[in-house]
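Chain by chain, the residues run as shown.
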Amino acid sequence: MSLRRRTTASARPGVEGSAGPGADGPAGVGRRRFLGYVLAAPTLVAAAELGTAPPAGAEISELVDLNDLMTTAALPTSHLITVEVHEDGTVSFALPRAEVGQGITTSTAMLIAEELGVALEQVRITLADARPELVFNQLTGASNTTISTYTPIRVAAAVARERLLRAAAAELGSKAFELTLTAGAVTGPAGTSVGIGELAKKAASHTVRRQWVDLKEREQFTVIGRPHNRIDALAAVTGRKKFAMDLDVAGARPTMVCRAPTINGRAGSVANLDEVRAMAGVTDVGVVSTGVAVRAQTFGQCIEAVRALRVQWKPGSADGASDESVLQELRAAELPMGLPPLTKSVEARFTFHFRGNSALEPNCAIADVRADRAEIWSALKAPIVAKQAIAARLGLAPGAVTVHVTEGGGSFGRKLFFDAALEAAEISREFGKPVKLMWHRADDARQGRAHPMATSRVRAAYAGGSVLSFKQRHTSVATDLGHGLGEVFTALAAKLPVGDAAFSQTFFHLSQSMPYDFGVHSRLLSETDKRFNTGSMRGVYSPDVVCARELIVDQLAARMDQDPFGFRRGVIGDRRTRAVLEKAAEAGDWGRPMPAGTAQGIALHTEYHAVTAVLVEIDCRPETVDRPIRDGVAGPRVTKAVVAVDVGLAVNPRGLEAQMMGGVMDGIAQTLTSSLHLREGHFLEASWDNYFYTRQWNTPPELKVVVMPPTTGKPGGAGELAVAASMAAVACAYGRATGSMPTRFPVNHGTLSFVPKPTVPPVPASPTDGLDHVR
């Protein structure tokens, strides 16, 4: 047991306005009370348990979206996450989620600082190792972290606060209600104060104790709802922030894999193993399930060895496949739209090509596998599932595998998958040595995860000024949900409102919404073709589905001779949603005169108890579209973007703004430039240099984010929120500027602007001409 003083609190909802059994002191009038626990420990430790007594009427069958499902699944183990107070005056918390750049370590620290009464600088947030006992409470996705941890973390901090106040009362000779705890110090009525570090031991308990607490009202907040810089910003910009490849694990040497020229191909024979083993710096070479692994003293030596290998490859899972052949399969799998309507209608089919799911940080992991145990380091959003899979692959008991969650350099859904960690474990076992595995950029573009190619058919029937029905049939290459979310669905399947639908159909229905009053509306998913490595890219189905819907909404407005903004405003029944749309139009100066070849576009998206509307302006004039770009397509440029967002309660408005900015860049990319080209069973793109995410030449010079005032008193989801509306707004603006509604995305997919790198060898030589292209 640690010699630190710590407090653990757990929370359980109590009766509104009632002290509840075992409560100390008067009940707060009009405030919700929670039951927490002080755990037996040498220092103060507090935790929160919310799952055993949900509020009356909160039945799982009433879940309305994916976020609700994940929050409900996490509740039963909320008491297992703890806030600790230490004798040096710091407060620590091991967050059971993955920080991959979205800023949740900062928002979590803010929750603790607010409820405990300490300065933000006193809070230390780390990432928890894989903890199977947390079950579904260690899965990062669906913009769920802040929603699901908002109350449990605050309750744990509040329990710690109450224990500290009691200890200070004894120390200062006052009553607890006479004391205040601010900036990490407890002050009495006479002005005498004592720091929380001095109280840590006194506040601890030798036994588990129940503790009822009141949480702060929103009017009392001094941290939550105020803009704060990220707590890790300085470390990030000075290079001190540690990612997996920065860790110094004893004996772990750089490792890479020579991979097949086609998707999921396997190694047959290797003609020159001994020759490659003798290359400078190379320590090990061997065939593994995913290719031929190479371990060396440097990554540069790994690249040279990978390029030197002569491998006879077995066929892959998608040999011969191309964009055209996959599109034919998708069309064959489309669900019927039913009989044509008797009234006028608008109908279109949209095609969305494969997109890369790579993060800025290369896919990587460190593994040290011994005969009786294994230790893994990687940025993982589903570490429990990773731990179980690695144990099964190695033939070890799950308890013999330790998985450390490192911070990640981006994810966008990519790090829900643990392929690098699993592969590193296999290679370490094969070589009998620790390995530091890093995928090459070409590996992740060609053999990693991709956003599935899809089509979306939409039909809207109307008469007069009313939309009578709206049908959407979305058809997609199968999305791989084998990363933990599928287990959540299985656990709660009997109570889900979608019945016994398959995982993907369940996910689809729980993640989609219709913000417009469009009469009878239906939305169905059909998936086909499981040959590809697909991922739950940021927003999963929503960007494509919403883009198609919003383009049809623009067409309906035109058919009814209405302004796109005015038409949308007239068919929104929800006041909160309408206010967000109106704010975007106001802040973006909707309807202002625009030169020919330019236009505005506006779109709306609702998900996970949050709303966003995006207004963009685009320039499609030839002098802009035809700008010379080295090995790239310039295309149209979004010159202005305005985002209005309502997440109910923004814990950190500055972090929310950053999320919205990133979502805008994603939306621009998916509409205009970002896609993978499939030819003969492999993707042509092999790095970021020929995968055209939004670049500096296509970012809007003017970008504004308007965070709406709090509307619900609790946070909604924000991580994926801006992507769908941004993609749709750009598409709508493009259609208005060119006079032709786009139906294929990205609009520049038909132009191949680069010479594809060869597939054999699978990785290109390290570049030597970087300075030649600096301007």
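From a predicted model like this one, the values you see are computed outputs, not experimental measurements. (Residues numbered from 1 in each chain as written. Predicted model: local features only at pLDDT ≥ 70, side-chain atom pairs only at ≥ 80, totals over all residues. Heavy atoms only, no water.)

**Brief notes about the pattern of salt bridges**
Within this structure, the stated rule accounts for 42 salt bridges. For the salt bridge of arginine 531 with glutamate 329, the shortest nitrogen-to-oxygen distance reads 2.9 Å. One end of the pair, arginine 531, is in the loop between strand E25 (520-528) and helix H14 (542-559); the other, glutamate 329, is in helix H8 (residues 323-333), with 202 residues separating them in the sequence. Exposure remark for arginine 531: the relative accessible area of 24% places this residue in the partly exposed category. Arginine 549 is paired through a salt bridge with glutamate 550; the nearest N and O atoms lie 2.9 Å apart. With respect to burial, arginine 549 and glutamate 550 carry one shared label: buried. (Salt bridge = Lys/Arg side-chain N within 4 Å of Asp/Glu carboxyl O. Helix = DSSP H or I, 4+ residues; strand = E, 2+ residues; numbered from the N terminus. Buried < 20%, exposed > 50% of the residue type's maximum accessible area, 1.4 Å probe, protein only.)

**Structural notes on the sheet that holds strand E27 (residues 610-619)**
Within a sheet, neighbouring strands are paired by backbone hydrogen bonds and run either parallel or antiparallel to one another. The strand order E26-E27-E28-E31 describes an open sheet built from four strands, whose pairing is mixed. The open sheet has two edge strands, strand E26 (598-607) and strand E31 (702-707), and neither has a second partner. Each adjacent strand pair in this sheet contributes to an overall mean axis angle of 10°, direction not counted. By the bridge criterion, six bridges tie strand E28 (residues 637-646) to E31 in an arrangement that is parallel. Opposite valine 645, over in E31, you have valine 707 as the bridge partner. Taken strand by strand, helix H18 (residues 653-672) contacts E27, E28 and E31, and its axis lies near 130° from that of E31. Those strands touched by helix H19 (residues 721-738) are E26, E27 and E28, and its axis lies near 150° from that of E26. (Pairing = 2+ DSSP bridges. Axes fitted to C-alpha atoms, helices over the stretch in contact; angles between N-to-C directions. Contact = heavy atoms within 4.5 Å.)

**What to know about the packing of helix H2 (residues 104-116) against helix H3 (residues 145-172)**
The axes of two packed helices give the description: the angle between them and the distance between them. It is the contact of H2 with H3, at a shortest axis distance of 8 Å, that shows an interaxial angle of 35°. Helix-helix and strand crossings are classified by hand; for H2 and H3 the assignment is right-handed. Residues Ile104, Ser107, Thr108, Leu111, Ile112, Glu115 and Leu116 of H2 pack against Thr145, Thr146, Thr149, Tyr150, Ile153, Arg154, Ala157, Ala158, Ala160, Arg161 and Leu164 of H3. (Left-handed = near helix turned anticlockwise from the far one by under 90°.)

**Regarding the sheet that holds strand E9 (residues 193-195)**
Spatially, the three strands line up as an open sheet ordered E7-E8-E9, and their pairing is antiparallel. Only two strands of the sheet have a single partner each, and these edge strands are strand E7 (180-182) and E9. Strand-to-strand twist of the sheet, defined as the mean angle between neighbouring strand axes without regard to direction, takes the value 25°. Pairing geometry for E7 and strand E8 (residues 185-187), over three bridges, is antiparallel. Paired with threonine 180 across the two strands is threonine 187, which belongs to E8. Running over the sheet, H3 touches E7, E8 and E9 and is turned about 120° from E7.

In short, the description is geometric, and any link to function would need to be established separately.
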